[in-house]
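# Geometric and topological summary
So you can see what is in the structure, the chains are spelled out below.
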Amino acid sequence: MREKVLILDFGSQTCQLIARRVRELGVYCEIVPHDISADKVSQAAPVAIILSGGPASVRADESPSMDAAILEMDIPVLGICYGMQLLGQLLGGVVEKHTGGEYGPATLLVDKPDELFADLENRLDVWMSHGDLVRELPDGFETLAHTDDCHVAAMGNAGKKIYGVQFHPEVVHTTRGKEILRNFLFRVAGCSGGWTMAGFIAEEVARIKETVGDGHVICGLSGGVDSSVTAALLNRAIGERMHAVFVDNGLLRAGEVEQIERYFQHDFPLNMQTVDARKEFLDALVGVTDPERKRKIIGKVFIDVFSRTAKGLGKIDFLAQGTLYPDVIESVSASGGPSATIKSHHNVGGLPDELGFKLIEPLRELFKDEVRRLGAELGLPANLVNRQPFPGPGLAVRIIGEVTEERLEILRAADLIVQQEMENWEGYDEIWQSFAVLLPVKSVGVMGDERTYANVAAVRVVTSLDAMTADWARLPHDLLGRLSARIINEAHGVNRVVYDISSKPPSTIEWE
């Protein structure tokens, strides 16, 4: 059985970071609702449990809690921030409001190294963000570390293997945070590690074979990393019984169709066919300006195209999708909590029951960087594995307003320039996404001593680790100048270029 850590989600914005750090240490983990029952925990048989932080106060009447019986199951537990305060409260300690709170960088002074701080310095830079604190320890616990403003910044009960830290070891601002998590996982919880992409492939191939049996699977192949890795994994598991369908929806970038066909008919041959549905998609989008309507229309047309194509292939039992963890989190709460829907993802939910397909999503619990490693392990070409993410609805969500053939051609020309200039830039490997957006406004300009009234294009370039958060890239001014000059001169119909300097949050990476 796969070694597993459960992370109880109390609403922290950095809950996903905890999961990333644990997986980076070679231990598989899953995020689950904070109110998971002790029975379900027992069924999951985790080797350890981590309680995330959260925005609430444990002193509030409606604050999220947990099944206290879990703490009696002899499973090592680490509480982080809110998680530590909840441990303090449930186990008989006293939690009080911290006068003034403690936010940002702090110096942690280790009082007792114990297993949690083994082989680390006695003074550590950590990141705090809390308004409450543990004033009195539960029975059997001792103070392991403090700061100037928090006399219990870490606590532990070595006998029960239950620990709490008031700071956030998962963020980069805690300089030795990963080592602290490593100590908990390997010294306290006795994890063996070894969760790798090779192991994931073996598990998923076996799972797909068991699920599919002698059936056939249709796989939507967009040419992006997620769908490509999904198709390659299915190809490894069931070979020719995986039918990859590449839909040319008319919303792709310049040269995209030819590039994808070259990849999967020559470089990494798959059982693939291309379906030309350009007219169908563009006809359905006539007059549509609302971004959510665009996404839903595109999703519906995809389903229609897939349904017709599947019927032509004989009996198809399953539909495979390249859904990732961030997709799920943004569309619905991954942990069952009251998370807001940011935007609809074309490949998350929404499949009509009458379609008759059973759904396979082998990447559903992976982050993007893990999918890239998986693709490399499967033998996909490096230039495909390292492609920047591209939205499922394509250029439709990068055209603000109505999607027309004319506007698509303008955006394709502008976007191609962005891709060319960015790929030639020495800092390209640090970029998560770079693209152009066509805005729904026109501006006055002067070209060749004549007045123009033409389109405005925005350039969006961001850095990120997993798309959960992103920051705008500080591009050199000469690069920005080249982008602007080339777009205005070569993307006919554009006379003004602006650069998007918004981060996520509060913005999203895509404009729609």
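So, a few notes on the structure that sits alongside this text. Values in this document were obtained by computation on a predicted structure and should not be read as measured data. (Residues numbered from 1 in each chain as written. Predicted model: local features only at pLDDT ≥ 70, side-chain atom pairs only at ≥ 80, totals over all residues. Heavy atoms only, no water.)

Spatial ordering of the open sheet is given by β2-β1-β3-β4-β9-β8-β7-β5-β6, a layout of nine strands whose pairing is mixed. Each edge of the sheet is formed by a strand with only one pairing partner; in this case those strands are β2 (28-33) and β6 (123-136). Across the sheet, the axes of successive neighbouring strands diverge by a mean angle of 25 degrees, strand direction being ignored. Inspection of the sheet shows strand β1 (residues 4-9) paired to strand β3 (residues 48-51) by four bridges, in the parallel sense. Its bridge partner lying in β3, V5 is registered against A48. (Pairing = 2+ DSSP bridges. Helix = DSSP H or I, 4+ residues; strand = E, 2+ residues; numbered from the N terminus. Axes fitted to C-alpha atoms, helices over the stretch in contact; angles between N-to-C directions.)

Attention now moves to unusual backbone geometry. Looking along the chain, the bond that leaves K504 and enters P505 is cis, with omega of -15 degrees. Following the sequence through the fold, P505 ends up in the segment after β18 (494-499). The omega torsion of the bond from P505 to P506 falls at 15 degrees, within 30 degrees of zero and hence cis. Among the secondary structure elements, P506 is positioned in the segment after β18. You will see that D114, though not glycine, has its phi angle at about 50 degrees, which is positive.

Grouped together as the largest cluster of nonpolar side chains are 46 residues, with contacts concentrated most on I218, V247, L251, F281, V403, M422 and I487. Elements with a minimum of two residues in this core: β11 (242-248), α8 (278-284), α9 (291-312), α13 (405-423), β15 (433-447), β16 (450-463), α14 (477-490) and β18. Not counting residues up to four positions away in its chain, the partners in contact with L251 are L282, L285, I298, F390, P393, G394, L395, A396, V403, L408 and R412. Judged by nonpolar contacts, the second largest core, of 42 residues, contains W195, V217, I238 and M242. (Core = buried A, V, L, I, M, F, W, Y, C linked by side-chain atoms within 4.5 Å. Buried < 20%, exposed > 50% of the residue type's maximum accessible area, 1.4 Å probe, protein only. Contact = heavy atoms within 4.5 Å.)

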